[in-house]
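A closer look at the structure
Okay, here's what each chain looks like letter by letter:
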Amino acid sequence: MLTFDDPAISVKNVTKIFGEQKVLDGLSFDIEKNSITTILGFSGAGKSTLIKHILGIMSPTSGSVEVLGTDLKSLDQMELREFRRNYGMLFQYAALFDSFTARENVAFPLREFTPLKEAEIMSTVKDLLLSVGIKEESFDRLPSELSGGMRKRVGLARALALSPKIMLYDEPTTGLDPITTKMVNNLIVETSKDKRNDREMTSVIISHDIKATLEISDYVAFLDRGKIIEYLPVEEFKKSDKEVVQEFLRL
Ligand SMILES: Nc1ncnc2c1ncn2[C@@H]1O[C@H](COP(=O)(O)OP(=O)(O)OP(=O)(O)O)[C@@H](O)[C@H]1O
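What counts, and where the lines are drawn
- Residues numbered from 1 in each chain as written.
- Predicted model: local features only at pLDDT ≥ 70, side-chain atom pairs only at ≥ 80, totals over all residues.
- Helix = DSSP H or I, 4+ residues; strand = E, 2+ residues; numbered from the N terminus.
- Buried ≥ 20, exposed ≤ 12 C-beta atoms within 10 Å, placed from the backbone.
- Domains from an automatic or database assignment.
- Near = placed C-beta within 6 Å.
- Nonpolar A, V, L, I, M, F, W, Y, C, P; charged D, E, K, R; others polar.
- Pairing = 2+ DSSP bridges.
- Expected span 1.5 Å × (residues − 1).
- Axes fitted to C-alpha atoms, helices over the stretch in contact; angles between N-to-C directions.
- Parallel < 35°, antiparallel > 145°, perpendicular 65-115°, else oblique.
- Left-handed = near helix turned anticlockwise from the far one by under 90°.
- Contact = placed C-beta atoms within 7 Å.

Per an unreviewed UniProt entry, the protein goes by ATP-binding cassette domain-containing protein and derives from Bacteriovorax antarcticus.

Here's what the structure looks like:
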């Protein structure tokens, strides 16, 4: 198992039980700061449950999750809400507000969580949208007037608005055509690299789209029935001798 001196995320012996079902089973692993790490697994393996633990939306039945050196258990609800400003998240369907334009969607977290004045917000929003490749002519369009790929870009701009230290991607390319998948992958890498220069950003991708994520990951973990059964730098992961991993790689 990979270990890191100063991990961004440290999952320590986490078990999560729903009724009779053990969904996470004594899970322990670290995620390196400033890396792109993908957590792969079949449907039902426990990926979403794990992400919810990293976000502090769910608490473990036993064990602990440390993010940026803080044990999430030690935070009360108010502190946890404040702590979540460290996170950015891009969901499968980008989850934009339908009745807000692209500009308003990206402005939302800045209005909600920062003391910035309107002119500063508008200038930050412009920079963010341009940085993900949205042209000014599209700033005032509603999500329904944008393509799927453009919605992802706007979703990414919104997720980056508060300069997150931890960026979580939940199935970022599932259901997208190959060209849009490539575009989203490039954006994930560019975003991660950009941020590496001047500040910290760790990217965690949850996916069952192995082909899309292998190209861009530094590390890959394979979650199977609540346990990490393989966790390696990407090139070594491809050569894993675990039967279930090879089965997954052949899909
Ligand atoms: N709140 C809950 N209450 C009861 N069971 C749950 C709850 N959340 C998840 N589960 C169960 O935990 C198991 C793992 O679910 P989870 O959504 O974490 O898997 P996943 O790997 O993300 O799957 P998918 O790729 O299909 O999203 C499933 O059997 C699910 O039914």
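What about unusual backbone geometry?
The bulk of non-glycine residues show a negative phi, and the bulk of peptide bonds are trans. At Asn-13, a position not held by glycine, the phi torsion is positive, near 50°. Checked against the element boundaries, Asn-13 lands in strand S1 (residues 9–18). Asn-13 gets classed as exposed once you count the C-beta atoms within 10 Å, which come to 12. Of note, Leu-68 is a non-glycine position whose phi angle comes to about 50°, a positive value. Tracing the backbone through its elements, the reader meets Leu-68 in the loop between strand S4 (62–67) and strand S5 (70–71).

Focus: the domain arrangement of the protein
For the protein, the domain assignment lists domain 1 (1–68 + 165–251) and domain 2 (95–164). In this structure, domain 1 and domain 2 have C-alpha centres spaced 26 Å apart. Broken down by secondary-structure element, the contributors of at least two residues to the side of domain 1 that touches domain 2 are strand S7 (166–170) and helix H6 (178–198). By residue number, the principal contributor to the side of domain 1 that touches domain 2 is H6, which donates five residues.

Observations concerning the site of the ligand
Near the ligand, the surroundings consist of Phe-18, Val-23, Gly-41, Ser-43, Gly-44, Ala-45, Gly-46, Lys-47, Ser-48, Thr-49 and His-208. Its residues assigned to classes, the shell around the ligand shows three nonpolar, seven polar and one charged.

Looking at the sheet that holds strand S2 (residues 21–31)
Pairing is antiparallel across the open sheet formed by four strands, whose spatial order is S2-S1-S4-S5. Looking at strand neighbours, the two that pair on one side only are S2 and S5, the edges of this open sheet. Inspection of the sheet shows S1 paired to S2 by seven bridges, in the antiparallel sense. Of the residues in S2, the one forming a bridge with Ile-17 is Lys-22.

Focus: helix H5 (residues 148–160)
For H5, spanning 13 residues, the distance from its first C-alpha to its last is 18 Å, which sits close to the expected 18 Å at 1.5 Å a residue. With respect to burial, H5 is a largely interior element, 10 of its 13 residues being buried. Within H5, the full set of buried residues consists of Met-150, Lys-152, Arg-153, Val-154, Gly-155, Leu-156, Ala-157, Arg-158, Ala-159 and Leu-160.

Quick word on the packing of helix H3 (residues 102–113) against H5
In the contact formed by H3 and H5, the axes pass within 8 Å of each other and the chain directions differ by 25°. Judged by the inter-axis angle, H3 sits roughly parallel to H5. Like other packed secondary-structure pairs, H3 and H5 cross with a definite hand, here right-handed. Contacts between H3 and H5 involve Ala-102, Asn-105, Val-106, Phe-108 and Pro-109 on the former and, on the latter, Val-154, Ala-157 and Arg-158. Tallied by class, the residues present in the contact of H3 with H5 amount to six nonpolar, one polar and one charged.

Description of the sheet that holds strand S6 (residues 87–90)
If you trace the six strands from one edge of the open sheet to the other, you get S6-S7-S8-S3-S9-S10, paired in mixed fashion. Only two strands of the sheet have a single partner each, and these edge strands are S6 and strand S10 (227–233). Across this sheet, the average inter-strand angle for adjacent strands is 20°, counted without regard to direction. Relative to S10, strand S9 (residues 219–224) runs antiparallel, the two sharing six bridges. Note on S10: the bridge partner recorded for Asp-224 is Lys-227. Together, S6 and S7 form the strand contacts of H5, whose direction differs from that of S6 by roughly 170°.

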